[in-house]
Amino acid sequence: EMRRGRSRGPHRIANAYFLFLLVLQVIPAISSLSWFTTVVPLVLVLTVTAAKDATDDIVRHVSLWHCWIWPLFTRLHLLHRLRSEKWMDVQVGDIIKLENNQFVTADLLLLSSSEPLNLVYIETAELDGETNLKVRQALPVTGDLGDDIEKLADFNGEVRCEPPNNRLDRFTGTLTYAGQKYPLDNEKILLRGCTLRNTEWCFGLVLFGGPETKLMQNCGKSTFKRTSIDRLMNVLVLCIFGFLAIMCTILAIGNFFWEMNEGSQFTVFLPRQEGKDAKFSAFLTFWSYVIILNTVVPISLYVSVEIIRLGNSFYIDWDRKMYFARNDTPAEARTTTLNEELGQIKYVFSDKTGTLTQNIMTFNKCSINGKSYGDVYDYTGQRIEITESTDTVDFSFNPLADPRFMFHDHALVEAVKLENPEVHAFFRLLALCHTVMAEEKTEGELLYQAQSPDEGALVTAARNFGFVFRSRTPESVSIMEMGQQRSYELLAILDFNNVRKRMSVIVRSPEGKLSLYCKGADTIIYERLHQSCSKLMDVTTEHLNEFAGEGLRTLALAYKDLDEDYFSQWKQRHHEASTTLADREDKLDQLYEEIEKDLLLLGATAIEDKLQDGVPHTIEQLSKADVKIWVLTGDKQETAENIGYSCNLLREEMNEVFIISGNSPEDVRQELRNARTSMKPDATEDSMFIPERILSNRVKVITDEVVNGEYGLVINGHSLAYALEHSMELEFLRTACMCKAVICCRVTPLQKAQVVELVKKYKQAVTLAIGDGANDVSMIKAAHIGVGISGQEGMQAVLSSDYSFAQFRFLQRLLLVHGRWSYLRMCKFLRYFFYKNFTFTFVHFWYAFFCGFSAQTVYDEWFITLYNLMYTALPVLGMSLFDQDVNDLWSFQHPQLYMPGQLNLYFSKKAFFKCALHSCYSSLVIFFIPYLAMNDTVRDDGKDVADYQSFALLTQTCLMFAVSIQLGFEMAYWTAVNTFFILGSLAMYFAVTFTMYSNGMFLMLPSAFPFIGETARNSLNQPNIWLTILLTSILCVLPVVTYRFLMIQLCPTINDRVLFTFVSVSAPPPLPRRARIRRTSSRRSGYAFSHAQGYGDLVTSGRFLRRPAVSRSSGFAHTGRTTTGFSPMGRSAGYSPTGRPQNVKVNDVEVTSLQMYRTMDHTL
């Protein structure tokens, strides 16, 4: 939905209550007030609310229309022709044509494609967060249909399959076609949320559409979201209703006794009507006081809350510091009812791919034959920091180089040009040992399609340094080596898997030399090196530690020359093992182990999985604000763990990072208990709960347990499935909440939502979920606050979110600035609003004891009508829209200011009770000081001034001054608008008072304007009246000033300390710039984390092959520099797995950008 979270329940109750009051007021025997005192506010409130809701609905429908109805797809029509249709028209049984880079609109059975053997390549980042390509293949019987429209239109098959479910990794069904049955599995299905890549076109049969697709089955249900303040207000309003009933009952009982004792004396000249005795009078009095005292729940409360939330939402929309210029994407508050809860977030659940990272791999550094390349040094030999202005290497010597590849160390290019044999062997390995596919539609225009983004970055780097991979067949790999076209015979691919963590190729050079090239995790490669490499291993290890210390993903490269006879014998055994039926995998692994030994080390590569700008700084700031961040990703454990270190979520300084990877419930339970015991050896099982009663529903709330040190937790998807079972969920939650950071890997979209729901259920905390893909929709809907990153992965996450922006770094501004200000403003508003209305109402209560409980009002009817609508509305709205304790820079400088919101310190039941006591005191002062001051008092000319109308005027004037001064004490940030509102409201009060209390109004409509014209002038020109107003105001304010002074001196809060610093200096100190610390790390990343097993077989089988490439020249001389699908950013090559252009840096990036934290050490 476009704008979600609108909570109509309390509004409906309140509106029904106000309508009931209106009915009471039209009963003459009950009402002592005119009908307009309720009708005018009610009509105004309903009008404003209706206008706001109508605007929200219009915006939502327009957004949905553009995002879901306008996008087109091509459908095969019954008239045997293709026709463009809208998404909303997808129906089961339709045959749809998809083209390259198109989004799959429904769950489809793949019928045919443009590729050989009817293969298609898809990206599933929207489903599981993985950016590597996956392969799907149609049945041969349907693949023969090709793109023949007539054959496709005449296709007459029957599909029987499983009912709609949320299992993304499984599909079972059968296709009956031409009298034959064919099995269907997940390899033949294109799920909604996938994107077609590297495939010109394909045709598919719609199996499930709309909410029945697997993606939507994982999305969860949309629910109205309400803030904790909303829920508290509902409880308080119910309590206020009860308190109102108690007050009215007390006054009705008072009326009964007064009528029995005092009232009987009036029956001589005011006889009672028949049947209307003291009991009936008390009954009528009860309802009369319900009308008079109803302002304890004023009509304007809810509309004021809506206006405040709407205004603070506009601040988010208008914030230029949350505007992303590259994509022309502003921040957007997609709901207007959750702003203050942004200031109370305790848990943030974040996706990884596209949210923390950019999906871009960059070749940053390398180590070749013991020498490190990639750093830049000045003339004194000191290493300098690489920035956007640092000179880049000139690759003009290589016409086939990618012009967007950026590298800064000139020494590596010089080594290539000097034909250093180790450097050449290094890049030759990168150009040969991979499973990348190359496409060259026109000469020189190379397009690489890599199965993992790591490989794309490495092959692109080799290309720029003169070793250009150009094409491959199942038996050969063609590369351009320094201008010379060379074709290597591809004899075997020893494929990657999660156990081997390496891949190798065996090739024969044009000269007939047999070589094995291997790349993989350094720990794996080192175990298989020849003993002669020991010294080189030590030097390279230092470089690897340095690379890992900077958060880079490292690979080790090695090779060996093979003997022809040995290889022939090994090849024969390999063929036998690959065709055996028993223990095929084990036999192949043994053969791989045999040949991958005694390798010679070439060096190592360091790839940066580029984070979004400012991610480490944002996580650090939120951590200081005591916000706990959990990463929930569908990606592999190694990838997520590496990113965790890169973005400061996990740190080397942590006491321990626990890995939960059990394959059975017992293993998972034991691992969780071991982790908890390590963190807190003396923990008991019974100390984890505190009972919390919420609206009579007893729930268990897990307390925050304090541990010594910092810990991290990483848990796999299959282990998480056991941990989320009912019998183990509390064990998991308790252990996870003791950790500083939690990373959940290989999780399904539904598991993401289950984790969020688990924390919501057992933790008394506010949650926020942030993601960019369709696989994040479920957790975005489940969390209290959902944030969508409007990035490159579609708009479904944004459409389901409450707030959206383009970069993760904007989250700290959303929470620490907008969220904290919104929470602070709303709490101040509620405290002051209840104070001014309770004070206004309680005066009636005290007056009842002096008017015979007759339900006579203290104030004039017009003052009662205009008090909340005109006299006090704008000042409190001004405070609620403009107030701020400190500015945004100080909010960033002191993230601890965010903590009071997490603890509900600004508005709670306790704060409400204090507010009620304060109002009770103020009402006593406002009633009794004027009452005693006017009792037996005469004017300076000897005339009596102690009449009812003069007392009413004095009391309401004292009230106006008291609440206005109190508002001034509440405000921490005075603006011209606030000042104008407060002084203007007082001026408005006097202007309206002198107008209403004029002879002309009294003579024209004495029933509507009963106060005679001289009341205001005769009262307010007396010095004793103004002295009474002054005394009343001082007595109302004095306890507040005293209490605040004592609290600041004796028990200062974090806000008090920061405010003292804030007013003591004219500007905040500059942000600290940390020196870059060179450090080593025992932890190094593994090989090609997003790589998947099976691509080696695909390459050698020939199934991947495309149409023949155009003829190409063999030399560099006449081939122009061209672009590819890679779009580097930063200081080195960038590989984007989608092949989409990545924009370059914008000049005006704020201090949280990459430029800031590149110069700092984030202890990656």
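Residues numbered from 1 in each chain as written. Predicted model: local features only at pLDDT ≥ 70, side-chain atom pairs only at ≥ 80, totals over all residues. Heavy atoms only, no water.

An unreviewed UniProt entry lists the protein chain under the name Phospholipid-transporting ATPase, with Sphaeramia orbicularis as the source organism. Turning to the protein chain, the UniProt record has this under Sequence similarities (unreviewed entry): "Belongs to the cation transport ATPase (P-type) (TC 3.A.3) family. Type IV subfamily." Comment text from UniProt for the protein chain, heading Cofactor (unreviewed entry), reads "Mg(2+)". (UniProt positions renumbered as here; feature names shortened; annotations may be inferred.)

Visitor: Lay out a nonpolar patch on the surface in plain terms, naming residues and giving numbers.
Guide: On the surface, a nonpolar cluster with roughly 470 Å² of combined accessible area is contributed by Phe243, Ile246, Ile250, Phe849 and Phe850. Structurally, the position occupied by Ile246 is in helix α7 (residues 228-261). (Patch = residues over 30% accessible without salt bridge, like charges linked within 9 Å, V, L, I, M, F, W, Y side chains within 5 Å. Areas by Shrake-Rupley, 256 points an atom, 1.4 Å probe, with all protein chains shown as cover. Salt bridge = Lys/Arg side-chain N within 4 Å of Asp/Glu carboxyl O. Helix = DSSP H or I, 4+ residues; strand = E, 2+ residues; numbered from the N terminus.)

Visitor: Describe the UniProt feature "active site" (unreviewed entry) in the protein chain, naming the residues involved and giving the relevant values.
Guide: Per the UniProt record, "active site" (unreviewed entry) is annotated on Asp351. Mapping Asp351 onto the fold places it in the loop between β14 (345-350) and β15 (357-368). On the basis of relative accessibility, which here comes to 1%, the residue Asp351 falls in the buried class. Here Asp351 is in contact with Leu356, Leu632, Thr633, Lys752, Ile770, Gly771, Asp772, Asn775, Asp776 and Met779, once residues within four sequence places are set aside. (Buried < 20%, exposed > 50% of the residue type's maximum accessible area, 1.4 Å probe, protein only. Contact = heavy atoms within 4.5 Å.)

Visitor: Provide a residue-level description of the packing of aromatic side chains, including the pertinent values.
Guide: Enumeration according to the criterion identifies 60 aromatic pairs in this entry. Seen from their ring centres, Phe405 and Phe465 are 5.9 Å apart, and the 90° between their planes marks the pair as edge-to-face. Within this pair, whereas Phe405 is found in the loop between β18 (383-384) and α10 (410-417), its partner Phe465 is found in the loop between α12 (453-464) and β21 (467-473), the two being separated by 60 residues in sequence. Comparing Phe405 with Phe465, the two get one shared label, buried. Taking 5.7 Å as the distance between ring centres and 80° as the angle between the ring planes, the aromatic pair formed by Phe838 and Phe912 counts as edge-to-face. Of this pair, Phe838 sits in helix α25 (residues 810-848) while Phe912 sits in helix α30 (residues 909-934), and the two are 74 residues apart along the sequence. On the accessibility criterion, Phe838 (4% relative accessible area) is buried. Ring pairs connect the aromatic residues Phe363, Phe395, Phe397, Phe405, Phe407, Phe426, Phe427, Phe465 and Phe467, which therefore count as one cluster. It is Arg463 that lies over the ring of Tyr448; its NZ or CZ is 5.8 Å from the centre. Here the guanidinium or amino end of Lys836 rests over the ring plane of Phe833, the centre of that ring lying 4.3 Å away. (Phe/Tyr/Trp six-rings, centres within 6.5 Å; stacked < 30°, edge-to-face > 60°. Lys NZ or Arg CZ within 6 Å of the ring centre and 35° of its normal.)

Visitor: Explain the sheet that holds strand β5 (residues 119-123) residue by residue, including any values.
Guide: Across the sheet, which stays open at both edges, the three strands sit in the order β6-β5-β11 with antiparallel pairing between neighbours. Here the strands that pair on one side only, and so sit at the sheet edges, are β6 (133-137) and β11 (195-197). With direction set aside, neighbouring strand axes in the sheet form an average angle of 45°. Sheet topology places β5 next to β11; three bridges connect them, and they run antiparallel. (Pairing = 2+ DSSP bridges. Axes fitted to C-alpha atoms, helices over the stretch in contact; angles between N-to-C directions.)

Visitor: Talk me through the environment of Tyr867; I want residue IDs and the actual numbers.
Guide: Tracing the backbone through its elements, the reader meets Tyr867 in helix α26 (residues 861-871). Once the C-alpha coordinates of Tyr867 and Lys836 are considered, the two residues, 31 residues apart in sequence, prove to be 9.9 Å apart. Leaving out residues up to four positions away in the same chain, Tyr867 has contacts with Lys836, Asn837, Phe840, Thr872, Leu959, Met960 and Val963. A polar atom in the side chain of Tyr867 sits 3.0 Å from the backbone oxygen of Lys836. (Polar contact = N/O pair within 3.5 Å; in protein donor to acceptor, adjacent residues only side chain to side chain.)

Visitor: Provide a residue-level description of the sheet that holds strand β7 (residues 157-161), including the pertinent values.
Guide: With antiparallel pairing, the three strands of this open sheet are ordered in space as β7-β8-β9. Of all the strands in the sheet, just β7 and β9 (180-184) have a single pairing partner and so form its edges. Adjacent strand axes in the sheet meet at a mean angle of 20°, parallel and antiparallel pairs treated alike. Both β7 and strand β8 (residues 173-177) contribute to a ladder of five bridges, which runs antiparallel. When the sheet's bridge partners are listed, Gly157 is paired in β8 with Tyr177.

Visitor: So what about the pairing of strand β28 (residues 628-632)? Which residues, and what values?
Guide: Taking burial as the measure, the five residues of β28 include five buried ones, the bulk of the element. Burial along β28 is two-sided: the residues Lys628, Trp630 and Leu632 and Ile629 and Val631 are all buried. Bridge count between β14 and β28: four bridges; the pairing is parallel. The residue bridging Phe349 from the neighbouring strand is Trp630, located in β28.

Visitor: Can you tell me about the side chain of Thr435, naming the residues and giving the values?
Guide: As for its position among the elements, Thr435 is in the loop between α11 (421-432) and β19 (437-440). At 3.0 Å, the side chain of Thr435 forms a polar contact with the side chain of Glu455.

Visitor: Please provide a residue-by-residue account of the side chain of Glu970, values included.
Guide: Topologically, Glu970 is positioned in helix α31 (residues 948-970). Once residues lying within four places of it in the same chain are set aside, the contact partners of Glu970 are Lys828, Arg831, Met879, Asp883 and Arg1044.

Visitor: How would you summarise the pattern of salt bridges if you had to cite specific residues and measurements?
Guide: Inspection of the entire model under this criterion finds 44 salt bridges. Linked through salt bridges whose partners overlap, the residues forming this network are Arg500, Arg502, Glu527, Arg528, Glu593 and Glu596.

Visitor: Quick one: what's the story with helix α22 (residues 749-762), residue by residue and with numbers?
Guide: Spacing of three or four residues puts side chains on the same side of an α-helix, whose turn is 3.6 residues. Under the 1.5 Å per step criterion, the end-to-end length of α22 is 21 Å for 14 residues, consistent within 8% with the ideal 20 Å. Those residues of α22 lying buried are Pro749, Gln751, Lys752, Ala753, Val755, Val756, Leu758, Val759 and Tyr762. (Expected span 1.5 Å × (residues − 1).)

Visitor: I'd love a proper account of the confidence of the model for the protein chain, names of residues and values included.
Guide: On average, the protein chain scores 80 in pLDDT, and the residues at 70 or more come to 79%. Counting interchain partners and residues more than four positions distant, the pLDDT-below-50 stretch residues 1136-1164 has 93 contacts. (pLDDT = per-residue confidence, 0-100.)

Visitor: Give a detailed account of the environment of Cys433, specifying residues and quantitative values.
Guide: Within the secondary structure, Cys433 is located in the loop between α11 and β19. Through-space distance from the C-alpha of Cys433 to that of Lys519 is 7.5 Å; in sequence the pair is 86 residues apart. Setting aside its immediate chain neighbours within four residues, Cys433 contacts Glu455, Met503, Ser504, Val505, Tyr517, Cys518 and Lys519.

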